[in-house]
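Remarks on the overall topology
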Amino acid sequence: MKTLLKTTALLCVAFLLLNSCDEKKKDDKKKDAETTKIKAEAEVNYDLAEADTSASTCDCETTWFPHTQTPAPAEGANSPFAASSTTNCIFHQWSWQKFLWLTVPDTNKTPLFLRDASIKQVDPFMNPVTIPSGATLALSITEEQQAGSLGILRSNPNFNSGNSETVYYAIYMNDTMNEAALTYASQIADGTLDHNNAQAFPVGSFELKTSWIPTTAIPQADLPNYYTTNANIDGVTTEVALLGMHVVGVVENHPEFIWATFEHNNLAPAFDWTKGTASTDTDKLLFKAGSVSTIDGIQWPYGGAAPTLESEAYTLFKNGVPRISGSDPKTNFMATSQSEPQNFNNIESIDSCVAKNLTDVWNNYAYTGSIWINTDGLTPTEQTALINSLGSGIGAATPGSSARGSLNSANISMETYTQTFMPSLSSIAADNLTNCFSCHSAQSFTKQGTPQYKSPLYISHVFNGYLEQEKGATKDEINQMKVQDFQNTFFNKEKK
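What comes next concerns the included structure. Numbering of residues starts from 1 in every chain and runs along the sequence as written. In view of the model being predicted, local features appear only for residues whose pLDDT reaches at least 70, and side-chain atom pairs are presented and counted only at 80 or more, with totals across whole chains, interfaces and linings using the full set of residues. Excluding hydrogens and water, the side-chain values take into account all heavy atoms of the structure.

1. Quick word on the overall build of the chain
- Only runs of H or I of at least four residues qualify as helices and only runs of E of at least two qualify as strands under DSSP, and these elements are numbered from the N terminus. Within the chain, the regular secondary structure consists of eight helices and 11 strands.
- In the chain, which comprises 496 residues, the proportion classed as buried is 53%.
- A separation threshold of at least 6 residues defines the contact pool for the chain, and within that pool the share at least 24 residues apart is 73%.
- Each accessible area is a Shrake-Rupley result for a 1.4 Å probe, and residues are judged covered by the shown protein chains and nothing else. Taken as a whole, the chain presents about 21,200 Å² of accessible surface, with 52% of it coming from carbon and sulfur. Buried residues are those whose accessible area, probed at 1.4 Å on protein chains only, stays under 20% of the maximum for their type, while exposed residues exceed 50% and partly exposed ones sit between those limits. Contact criterion: two residues are considered in contact whenever any of their non-hydrogen atoms come within 4.5 Å of each other.

This is how it looks when you write it as structure tokens:
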């Protein structure tokens, strides 16, 4: 925070040298008025489109099945997203169809995302990853820390006769996004595009983040319920199982990306806010049999070497939808920017629909929600202006905010220790919820003594990492920048 204040002060001084105080005040008032207008228009459209909180049905489509023939979802000018007013359901339908398309198996049961030449594995700095012979992906101990918390997730040893393994991560990017990213990076480097800009990645761009674990963590009898393949882990060919996947893609009118998440359905229980416990009678991959009523299993102490309690990782909010304790599960939804129970019911409905139609191994993976912002009625220029104006507050979940969908979205295998940074369950509220946008915003990484820029492009940490690497920063320096603001916002706030 001190660094941010110093940087802001230096920027103000430089600005005053170039502009009079009167001109600055006029510009500020104009910008504030434009931002207020954009937010107001978006909120009015939301109120009209989302006011109905009655029970709803959000179905899958018959054209998605069989899974071997799932087509890619419509995303551009002819898609449902091109309408001036959207429905909650179309975001969930896109998420499921995109995941099914990405996992379409060939005759060897290899999913599309692991065999399509236009989808490449990259490191966190957008460098291509070389896949050694005999493997379909490469994993490394250098990519075992979770974003934000720097936590390392290990499996419950009781799940498979005392065997506990580490969860690893792999990132993918399609050519559409990669080519655009390289072009924008080149333009920023040569000065033809300002660091502060309103550019966005083209429709069809997507990133994937996946989580994997060596199959020795899973009982042999359970392995057919997981997608498994060979990975090269630091030079050693190892059979691994897929645990989860983030599907992050740009569709028409949503340059902020839709952030969807999927995970295996037997990893951990969800916290029951009517009973005040997370519990299971049998061991899960990430949760030992029993019942817990504290937050210790999903906390990784700042600077610590282990979670507060091991093998007690649970999902804080089912489907990423915030709850309050001690009341009817049909009505105990937290008051946020997203009307419920429509969003929650839609996720339940579409998950049930897919489960009835999907017959291969991917039927063991569930969609647990997605998050986006409300851009109904806004022009492309207004959309990027809104994203930039929201800054680090793009994921704010308080009533009247722009975020929609699963407002505390998290993948139990990827954001285990960043589901909340509050010290207790009772202290969680609408103004301190966390989600994908808590970390991914239009603000660039910052290094001490350097300015922070704004652009929808910076929502991608992979693109941001590439920019910094091209400027000469080391991987360690980039990682430090990446988590600095996030930790200042959450960890340090908790300490106070």
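Having seen the model, we can carry on.
2. Observations regarding the state of the cysteines
- Whenever a pair of cysteine sulfur atoms sits within 2.5 Å, that pair is classed as a disulfide. Following the criterion strictly, the structure yields two disulfides and no others.
- Residue pairing for C58: its cysteine sulfur links by disulfide to C89, the two sulfurs lying 2.0 Å apart. Negative torsions about the S-S bond denote left-handed disulfides, and the value of about 85° found for C58 with C89 makes this one right-handed. Of this pair, C58 sits in the loop between α2 (21–50) and α3 (88–102) while C89 sits in helix α3, placing them 31 residues apart in sequence. A single burial state applies to C58 and to C89, both of which are buried.

3. A closer look at the layout of surface pockets
- Cavities and pockets are defined on a 1 Å grid built over the protein atoms alone: a cavity is a set of grid points where a 1.4 Å probe fits but cannot escape, while a pocket is an open set with protein on both sides within 12 Å along at least five of seven lines, and lining residues are those with an atom within 4 Å of any such point. Grid points are joined across faces, edges and corners, and a volume is the space filled by probe spheres set on the points. The calculated volume of the second largest pocket comes to roughly 1,100 Å³.
- Lining the second largest pocket we find 49 residues, and of these P124, A147, I171, K209 and K482 sit closest to its centre.
- Sorting the residues of the lining of the second largest pocket by element identifies β1 (119–122), β2 (137–139), β3 (168–174), β4 (206–214), β6 (236–251), α7 (461–470) and α8 (475–495) as the ones contributing at least two each.
- Ranked by residues supplied to the lining of the second largest pocket, first place goes to α8 with seven residues.
- Residue classes follow a fixed rule: Ala, Val, Leu, Ile, Met, Phe, Trp, Tyr, Cys and Pro count as nonpolar, while Asp, Glu, Lys and Arg count as charged, and any other residue, Gly among them, counts as polar. Residues belonging to the lining of the second largest pocket are distributed by class as follows: 22 nonpolar, 18 polar and nine charged.

4. Focus: unusual backbone geometry
- Backbone torsion omega between F65 and P66 reads 5°, so that peptide bond is classified as cis.
- Locating P66 in the fold gives a position in the loop between α2 and α3.
- Cis rather than trans, the peptide bond between E340 and P341 has omega equal to 20°.
- Backbone geometry places S161, a non-glycine residue, at a positive phi of 55°.
- Even without a glycine there, the phi angle at N319 is positive, about 60°.
- Along the chain, the position of N319 falls in the loop between β9 (290–292) and α5 (342–357).

5. Concerning the environment of P128
- Here P128 is to be found in the loop between β1 and β2.
- Distance from P128 to Y172, taken between C-alpha atoms, is 9.3 Å for residues 44 residues apart in sequence.
- Residue contacts for P128: discarding those within four places in its chain leaves Q121 and V122.

6. Re the packing of aromatic side chains
- Ring pairs shown here join Phe, Tyr and Trp side chains whose ring centres sit within 6.5 Å, with only the six-membered ring taken for Trp; geometry is labelled stacked below 30 degrees between planes, edge-to-face above 60, and tilted in between. One pass over the structure, following the stated rule, counts 24 aromatic pairs.
- Their ring planes at 70° and their centres at 5.1 Å tell us that W96 and F262 sit as a pair that is edge-to-face. Separated by 166 residues along the polypeptide, W96 in helix α3 and F262 in strand β7 (residues 254–264) bring together distant segments of the chain.
- For W96, a relative accessible area of 2% corresponds to the buried category.
- Ring centres 6.4 Å apart and planes at 65° place the aromatic pair W212 and Y227 in the edge-to-face group. In this pair, W212 sits in strand β4 while Y227 sits in the loop between β4 and β5 (228–233), placing the two residues 15 residues apart along the sequence. Taken as a pair, W212 and Y227 share a single burial class, namely buried.
- Taken together, W96, F99, W212, Y227, F262, W362, Y365 and Y367 form an aromatic cluster joined through their ring pairs.
- In our convention, an over-ring charge means Lys NZ or Arg CZ found within 6 Å of a ring centre and within 35 degrees of that ring's normal. A cation over an aromatic ring shows up here: K209 above the ring of Y169, its NZ or CZ 5.2 Å from the ring centre.

7. Section: the environment of I324
- Here I324 shows up in the loop between β9 and α5.
- Using a relative accessible area of 40% as the deciding quantity, one classes I324 as partly exposed.
- When the C-alpha positions of I324 and M334 are compared, they lie 5.6 Å apart, and in sequence the two are 10 residues distant.

8. A closer look at the nonpolar core
- Each nonpolar core is a collection of buried residues, namely Ala, Val, Leu, Ile, Met, Phe, Trp, Tyr and Cys, held together in the definition by side-chain atoms within 4.5 Å. Ranked by internal contacts, the top residues of the largest apolar core, which has 116 residues, are F201, W212, Y314, I428 and F463.
- In contact with I428, not counting residues within four places along its chain, are W273, I295, L316, F317, M334, T420, M422 and L433.
- Ranked by size, the runner-up nonpolar core spans five residues in total, among them F125, F445, I478 and M481.

9. Notes on the pattern of salt bridges
- We define a salt bridge as a contact between a side-chain nitrogen of Lys or Arg and a carboxyl oxygen of Asp or Glu at a distance within 4 Å. The tally for this structure, following the rule as stated, stands at six salt bridges.
- Note that K98 is salt-bridged to E75, the shortest N-O span being 2.7 Å. Taken as a pair, K98 in helix α3 and E75 in the loop between α2 and α3 lie far apart in primary sequence, 23 residues in all. Pair check on accessibility: K98 and E75 agree, each one buried.
- For the salt bridge of E312 with K288, the shortest nitrogen-to-oxygen distance reads 3.9 Å. A residue pair is termed long-range when its members are at least 10 positions apart, and E312 in the loop between β9 and α5 and K288 in the loop between β8 (278–280) and β9 qualify at 24 residues.
- On the basis of relative accessibility, which here comes to 11%, the residue E312 falls in the buried class.

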